[in-house]
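Remarks on the overall topology
Here is how the chains run, residue by residue.
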Amino acid sequence: MAHITVMIYFKKVLLTQPDKDQVAKAIRKVSLKRNNPLDFTSSRMLAGTDKRFFGSEGKKSTNFTRIRYSIEDLLPKLIINFSKDPNHQFYKVRLSFISSVAFCFLSVMLLAVLALLYKNHDGIEVLAYMALFYSIFILLILLEIRLTDKAIQSVVNTSLQASTSI
């Protein structure tokens, strides 16, 4: 039986210097391995470890997600995908399944409120609340992207410094 999954990647990061294998290797060094898909596993961890990511390896790709601490549970979870295809010199970023469902739910609710407002010209307060929730969720996604980008840059820079000091 074929297993079909559809994941929407919203960010692609081209890698020139250092290349994809170096970045993936650097992240792998500071990752804890998970055998289950990262979409449905907790990315929470208590402080006190030098690990920064959870990783899961598949046949076609390796996925990582940033380890988050208790207060960061409110942030949507991102999955970073490194293809094993040597021709792909980039990695892709997407929301986890649960974060994608939350994003779709908020989007549908916002569209429903807009449609209702268009028909009845009543309910501007509901639209304001929906727009506020939607905006907050988008801001949380952007914050998580920034935190994840910083973590990746930090890991890569540390790895490059370690390799040049040898």
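Preceding this section is the structure that the text describes.
Residues numbered from 1 in each chain as written. Predicted model: local features only at pLDDT ≥ 70, side-chain atom pairs only at ≥ 80, totals over all residues. Heavy atoms only, no water.

Re the overall build of the protein
The number of helices and strands found in the protein is three helices and six strands. Along the protein, helices (α) and strands (β) appear in the sequence β-α-β-β-β-β-β-α-α when read from the amino end. Its C-alpha atoms give the protein principal-axis dimensions of roughly 70 × 40 × 30 Å. Burial status across the protein gives 36% buried among its 166 residues. Taking as baseline every contact in the protein between residues at least 6 positions apart, the subset at least 24 positions apart corresponds to 55%. By element, 63% of the accessible surface of the protein is carried by carbon and sulfur atoms, the whole surface being about 11000 Å². In the protein, the 22 positive side-chain charges and the 12 negative ones have mean positions that sit 6 Å from each other. (Helix = DSSP H or I, 4+ residues; strand = E, 2+ residues; numbered from the N terminus. Buried < 20%, exposed > 50% of the residue type's maximum accessible area, 1.4 Å probe, protein only. Contact = heavy atoms within 4.5 Å. Areas by Shrake-Rupley, 256 points an atom, 1.4 Å probe, with all protein chains shown as cover. Lys, Arg positive; Asp, Glu negative; His and termini not counted. Charge placed at Lys NZ, Arg CZ, Asp CG, Glu CD.)

Description of the pairing of strand β5 (residues 78–83)
Along any regular strand the residues' side chains alternate between the sheet's two faces. In terms of burial, β5 is largely enclosed, as six of its six residues are buried. Burial along β5 is two-sided: Leu78, Ile80 and Phe82 and Ile79, Asn81 and Ser83, pointing in opposite directions, are all buried. Direction of pairing for strand β4 (residues 61–66) relative to β5: antiparallel, over a ladder of four bridges. Bridged to Thr62 within β5 is Phe82. Both β5 and strand β6 (residues 90–95) contribute to a ladder of five bridges, which runs antiparallel. Note that in β6 the partner of Phe82 across the bridge is Tyr91. The hairpin turn running from β5 into β6, its antiparallel successor, is six residues long. (Pairing = 2+ DSSP bridges.)

A closer look at the pairing of β4
By the criterion of burial, β4 is predominantly enclosed, with six of the six residues buried. Side chains Ser61, Asn63 and Thr65 project from β4 onto one buried face, and the interleaved Thr62, Phe64 and Arg66 project onto a second face that is buried too. What sits between the antiparallel neighbours strand β3 (residues 53–57) and β4 is a turn of three residues.

Observations concerning the sheet that holds β3
If you walk across this open sheet you meet the six strands as β1-β6-β5-β4-β3-β2, and the pairing is mixed. For this open sheet the edge positions go to β1 (9–14) and β2 (31–33), each flanked by a neighbour on one side alone. Strand-to-strand, the axes of this sheet are offset by a mean angle of 30 degrees, without reference to chain direction. Against the sheet, helix α1 (residues 20–29) touches β2, β3, β4, β5 and β6, its axis set at about 130 degrees to β5. (Axes fitted to C-alpha atoms, helices over the stretch in contact; angles between N-to-C directions.)

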